[in-house]
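Per-entry structural report
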Amino acid sequence: MVKMVLLALLLGMAQLQLATAQSQPQPNVCKRWSGQMAISTSATGGNSTSTLYYMGGEAMTSQDQTTGLWTNAMVAIDLTKDWPTGTPPITLVTKDTGDQANPPAVALGALWASTNSSKLYLYGGQFSDTPNFPPPQQSIWAYDIQSNNWAVVPTTGDTITRSAEGSTALVPGAGSGGDAMGFYFSGHEDDHTTYQWSNQIARIYLNSMVTFDLGSKVVKNITSYSSTASTSNSSTPEINPVYRADGTLTYVPGLGTNNKGILVAVGGATATQYVDNSVLDVFDIGANGWTKQSTLGDTIGSRVNHCAVRASAKVNGVLTHQIFIYGGQKLNQSDRDSAMYILSIPSYTWTFVGDSLPGQPTGRAGHQCALHGSQLIVVGGVVASSLICDQPGVYVYDVSQSAWQNSFKASSVYSTPEIIANITGGIGTGGSSSGSGSASGGDGSTDPDTSGAGRSPSTTNGGGGGEGKKSSKSNVGPIVGGVVGGLLLLALLAFLFVLSSRRRKQKELRDAAAGIRSPDSIAGVPYEKTNSTSSPHPWRMSEGSSQFQPMYGSDDVEEETRNMEAAFGSHLVPKRTLRVTNPETTDEMSRLNGDPDEPVESLRDSTSTPSH
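Parameters at a glance
Each residue is numbered by its place in its chain's sequence as written, counting from 1. Reporting in this predicted model follows two pLDDT cut-offs: at least 70 for local features of residues, and 80 or more for side-chain atom pairs to be given and counted; totals over whole chains, interfaces and linings ignore these cut-offs and use all residues. Hydrogens and water molecules were not included; the side-chain quantities draw on all heavy atoms of the structure. Think of it this way: any DSSP run of H or I at least four residues long counts as a helix, any run of E at least two long counts as a strand, and we number them from the N terminus. Side-chain atoms within 4.5 Å link the members of a nonpolar core, which is a set of buried Ala, Val, Leu, Ile, Met, Phe, Trp, Tyr and Cys residues. Accessible area is worked out with a 1.4 Å probe on protein chains only. A residue is then buried under 20% of its type maximum, exposed over 50%, and partly exposed in between. When checking whether two residues touch, look at their non-hydrogen atoms; a contact exists if any pair is within 4.5 Å. Here the aromatic set is Phe, Tyr and Trp, taking the six-membered ring for Trp, and pairing holds for ring centres within 6.5 Å; pairs whose planes are under 30 degrees apart are stacked, those over 60 apart are edge-to-face, and all others are tilted. A positively charged side chain is recorded as over a ring if its NZ (Lys) or CZ (Arg) lies within 6 Å of the ring centre. The angle to the ring normal must also be within 35 degrees. At least two DSSP bridges between two strands are needed for those strands to be called paired. For this analysis, a salt bridge means a side-chain nitrogen from Lys or Arg found within 4 Å of a carboxyl oxygen belonging to Asp or Glu. Fitting a line to C-alpha atoms yields each axis, with helices limited to the stretch in contact; the angle taken between N-to-C directions then spans 0 to 180 degrees. In what follows, a disulfide is any cysteine sulfur pair within 2.5 Å.

Attention now moves to unusual backbone geometry. Working note: non-glycine residues mostly have negative phi, and peptide bonds are mostly trans. Note the cis peptide between Thr130 and Pro131, where omega equals -5 degrees. Locating Pro131 in the fold gives a position in the loop between β9 (119–123) and β10 (141–144). For the bond running from Ile345 to Pro346, omega is 25 degrees, close enough to zero to count as cis. Phi angles above zero are rare outside glycine, and Asn258 is one such case at about 55 degrees. Take Asn258: it is sitting in the loop between β20 (248–252) and β21 (262–266). With a phi angle near 55 degrees, Asn259 is a residue other than glycine that sits in the positive phi range.

What follows is the structure, encoded as structure tokens:
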């Protein structure tokens with residue numbers, strides 16, 4: 001009897017261990033997507049550390065796994081050393097606990113890194129639907145990096161519920177005691193996010209902004225917005241921004257009211273509408289209000305579940321900003337791509353870098369991105385079902401070189417991509433950057449200007465003003481030098497002209513004395529250009545005609561383009577007031593809800609009811 005009991009206990013323990021192993025598909029998985037990611041950086045004491053953390057989300061241990069995808073495990077990658085993308089140093093930081101409430105095993109939430117590199121804060125996200133896991137009451141969790149422990153954070157301020165698929169950003173120095181402030185805009189609530197929400201109640205979408213002060217632990221829920229916001233010299237205040245899920249929110253320093261910075265919202269959708277990115281919603285941090293901002297260039301179009309990061313660099317004394325948008329999918333739910341776009345600020349000009357770049361990974365959505373120097377690190381994402389596994393699922397793109405890399409370079413420095421030098425006015429370097437859950441390098445205002453003379457700034461004022469404009473003081477030297485050089489050149493040309501005229505006059509006098517006349521001077525006998533093949537003149541006779549036709553050199557652009565009308569691209573988008581398009585047919589609605597592989601939970605529910 002005792003042996004049977006022991007055998008049963010051993011069998012039970014073995015089954016428990018197997019279940020635990022299956023619920024801990026880390027750190028090496030077949031596929032992972034929709035997790036939360038942030039970089040924690042510390043430069044104190046001369047011992048700099050920089051670590052990328054990826055928490056939760058969904059993961060598959062095999063290509064045929066369809067249930068038990070949600071996890072609360074967290075992995076990390078050391079960013080202080082170089083490593084090949086084929087074998088990134090992914091380490092397991094905290095294993096899956098098997099308890100989806102402790103810490104929350106969520107996807108599509110927010111992970112924010114504290115300024116002093118001591119903690120990571122987790123907010124929002126949705127719980128498992130296969131199998132279904134009832135969401136617990138809302139709370140913000142903190143991971144103590146030093147003690148390697150998760151715990152609930154006592155907060156004050158507004159009482160909020162949990163939402164998922166919102167657009168998240170982190171603003172350094174905006175919180176108490178010099179800490180950061182987390183922002184979480186819009187998203188949705190349903191029975192997979194909110195405590196005691198009935199599955200008979202349709203999903204709702206939010207237009208509110210949740211803020212979390214990482215220093216004071218104060219939570220605010222902003223539901224009404226200022227009408228005096230101003231984010232550029234061509235922005236228009238708005239009090240009702242487009243609510244959406246699965247978009248991005250990117251912090252850009254030094255702009256907006258009192259130069260407190262702005263948050264640029266890109267992409268996103270609900271079950272019945274999508275965002276047209278030719279006109280953007282931009283949040284003015286200093287005014288607590290939104291603006292509409294028109295854009296120029298290769299507009300990105302509708303897009304969801306992409307990722308976005310920002311880098312800044314001074315060019316000709318002006319701090320310019322670039323937001324890099326990678327991947328995602330369009331609303332037909334089938335086109336996941338590897339497209340790379342750049343939004344240049346303050347001109348708000350879109351640039352399409354490409355979607356067929358050498359070495360690029362397969363198209364994806366629901367991935368996460370972070371920027372370290374010039375290295376854009378991409379982790380995970382939903383890919384085509386034909387791809388058996390996406391291992392190790394870590395990719396590196398050098399934003400300065402506009403090229404995918406086979407290794408990560410820890411000591412890289414950001415410089416403005418050459419492809420947008422005509423927009424920024426030159427190429428500069430900088431150390432300020434930000435992503436969805438982290439920011440580093442300050443606001444970039446104290447970075448040196450390494451652009452030199454650079455290229456002349458673009459005269460196109462897309463939306464927010466020109467970039468890279470030189471001050472009048474910095475132009476004094478070049479202007480004076482140009483004037484002096486021009487005067488010397490004119491003097492030299494005048495001297496050569498006088499000398500040539502004197503020599504020609506002397507020759508004419510000698511020829512006259514010898515009785516020689518030039519052909520041009522013979523009255524009534526015009527000097528004719530011949531069709532001799534040995535003639536040096538660029539003229540030829542057309543076949544079957546006695547008329548001479550000009551035969552211009554291939555470098556004569558003016559003549560080659562004569563009689564051709566100028567053609568202008570259709571991507572120069574004027575300011576618009578409409579940013580949302582509503583599908584009007586049943587076929588469109590079915591496409592919105594048609595792909596079982598895609599990670600956009602908001603697009604699976606055709607019965608969703610928007611909420612303001």
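The rest of the description comes next.
A few words now on the nonpolar core. If you look at the biggest cluster of nonpolar residues, it comprises 21 residues, and the most contacted ones within it are Leu376, Tyr397 and Trp404. Those elements giving two or more residues to this core turn out to be β26 (307–315), β27 (318–326), β28 (340–345), β30 (368–372), β31 (375–379) and β32 (394–398). With four residues, β26 is the single largest residue contributor to this core. Leu376 has contacts with Val309, Met340, Cys369, Ala370, Leu371, Tyr395, Val396, Tyr397 and Val399, leaving out every residue within four places of it along the chain.

Moving on, we come to the packing of aromatic side chains. In total, this model carries 18 aromatic pairs according to the counting rule given. With centroids separated by 5.6 Å and ring planes inclined at 35 degrees, the aromatic side chains of Phe127 and Phe133 adopt a geometry described as tilted. With centroids separated by 4.6 Å and ring planes inclined at 45 degrees, the aromatic side chains of Phe185 and Trp290 adopt a geometry described as tilted. Here Phe185, found in strand β14 (residues 181–185), pairs with Trp290, found in strand β24 (residues 289–294); they are 105 residues apart in sequence, far enough to count as distant. Taking the relative accessible area as the measure of exposure, Phe185 reaches 0% and is therefore buried. Classification of Trp290 by relative accessible area gives buried; the value is 0%. Joined through ring pairs, the aromatic side chains of Trp112, Tyr121, Tyr123, Tyr184 and Phe212 make up one cluster. Its guanidinium or amino end placed over the ring of Tyr54, Arg32 lies 5.7 Å from that ring's centre, counting from NZ or CZ.

All right, on to the sheet that holds β14 then. The strands making up a sheet associate through backbone hydrogen bonding, with each pair oriented either parallel or antiparallel. Spatially, the five strands line up as an open sheet ordered β12-β18-β17-β14-β13, and their pairing is mixed. Strand pairing shows two members of the sheet lacking a second neighbour, β12 (156–157) and β13 (167–171), which therefore form its edges. Here β14 pairs with strand β17 (residues 209–213) via five bridges, running antiparallel. By the bridge assignment, Met181 is partnered in β17 with Asp213.

What follows covers the pattern of salt bridges. Taken as a whole and assessed by the stated rule, the structure comprises five salt bridges. Between Arg203 and Asp190 there is a salt bridge, and its shortest N-O distance comes to 2.7 Å. In this pair, Arg203 sits in the loop between β15 (188–189) and β16 (204–205) while Asp190 sits in the loop between β15 and β16, placing the two residues 13 residues apart along the sequence. The burial state of Arg203 is the same as that of Asp190; both residues are buried. Across the pair Arg303 and Asp337 runs a salt bridge, and its minimum N-O distance is 2.8 Å. Of the two residues, Arg303 is situated in the loop between β25 (296–297) and β26 and Asp337 in the loop between β27 and β28; the sequence distance between them amounts to 34 residues. Accessibility classification places Arg303 together with Asp337 in one group, the buried group.

Attention shifts here to the pairing of β28. Burial within β28 is extensive, with six of its six residues counted as buried. Of the two faces of β28, the one carrying Met340, Ile342 and Ser344 and the one carrying Tyr341, Leu343 and Ile345 are both buried. Pairing between β27 and β28: six bridges, direction antiparallel. Opposite Ile325, over in β28, you have Tyr341 as the bridge partner. With five bridges connecting them, β28 and strand β29 (residues 349–354) associate as antiparallel partners. Within β29, the residue paired with Leu343 across the bridge is Trp350. Counting the residues between successive antiparallel strands, the hairpin from β28 to β29 contains three residues, one of them, Tyr348, with a positive phi of roughly 55 degrees.

With that out of the way, let us pick up the environment of Lys220. Within the secondary structure layout, Lys220 lies in strand β18 (residues 218–222). Along the primary structure Lys220 and Thr156 are separated by 64 residues, whereas in three dimensions their C-alpha atoms are 8.8 Å apart. Those residues within four positions of Lys220 in sequence are excluded, and the remaining contacts are Asp158, Met209, Val210 and Thr211.

Let us look at the sheet that holds strand β23 (residues 279–284). The antiparallel open sheet is built from five strands, whose spatial order is β19-β24-β23-β21-β20. Edge strands, defined here as strands with exactly one partner in the open sheet, are β19 (236–238) and β20. The mean inter-strand angle of the sheet, taken between neighbouring strand axes irrespective of direction, is 35 degrees. Summarising the sheet, β19 and β24 pair through three bridges and their orientation is antiparallel. Pairing of Glu238 across the sheet is with Trp290, part of β24.

Next up on the list: the state of the cysteines. In the structure shown here, the tally under the stated rule is two disulfides. Paired by a disulfide, Cys30 and Cys389 hold their sulfur atoms 2.0 Å apart. Here the disulfide of Cys30 and Cys389 is left-handed, its torsion about the S-S bond being about -105 degrees. Taken together, the positions of Cys30 in the loop between α1 (2–22) and β1 (31–33) and Cys389 in the loop between β31 and β32 put the pair 359 residues apart, joining distant regions of the chain. Classification of Cys30 by relative accessible area gives buried; the value is 1%. Residue classification places Cys389 among the partly exposed positions, given a relative accessible area of 28%. Covalent S-S linkage joins Cys307 and Cys369, the inter-sulfur distance amounting to 1.9 Å. Between Cys307 and Cys369 the disulfide shows an S-S torsion of about -50 degrees. By sign, it is left-handed. Of this pair, Cys307 sits in strand β26 while Cys369 is found in strand β30, placing the two residues 62 residues apart along the sequence. Just as Cys307 is buried, Cys369 falls in that class too. Cysteine pairing for the protein chain, with bonded cysteines counted in sequence order: 1-4, 2-3.

It is worth spelling out the environment of Lys119 at this point. Summarising the element assignment, Lys119 is placed in strand β9. What makes Lys119 partly exposed here is its relative accessible area of 26%. Sequence spacing of Lys119 and Leu214 is 95 residues, and the spatial spacing of their C-alpha atoms is 9.4 Å. Once residues lying within four places of it in the same chain are set aside, the contact partners of Lys119 are Trp112, Ala113, Ser114, Ala142, Tyr143, Asp144 and Ile145.

All quantities given are derived from atomic positions and should not be read as evidence of function.
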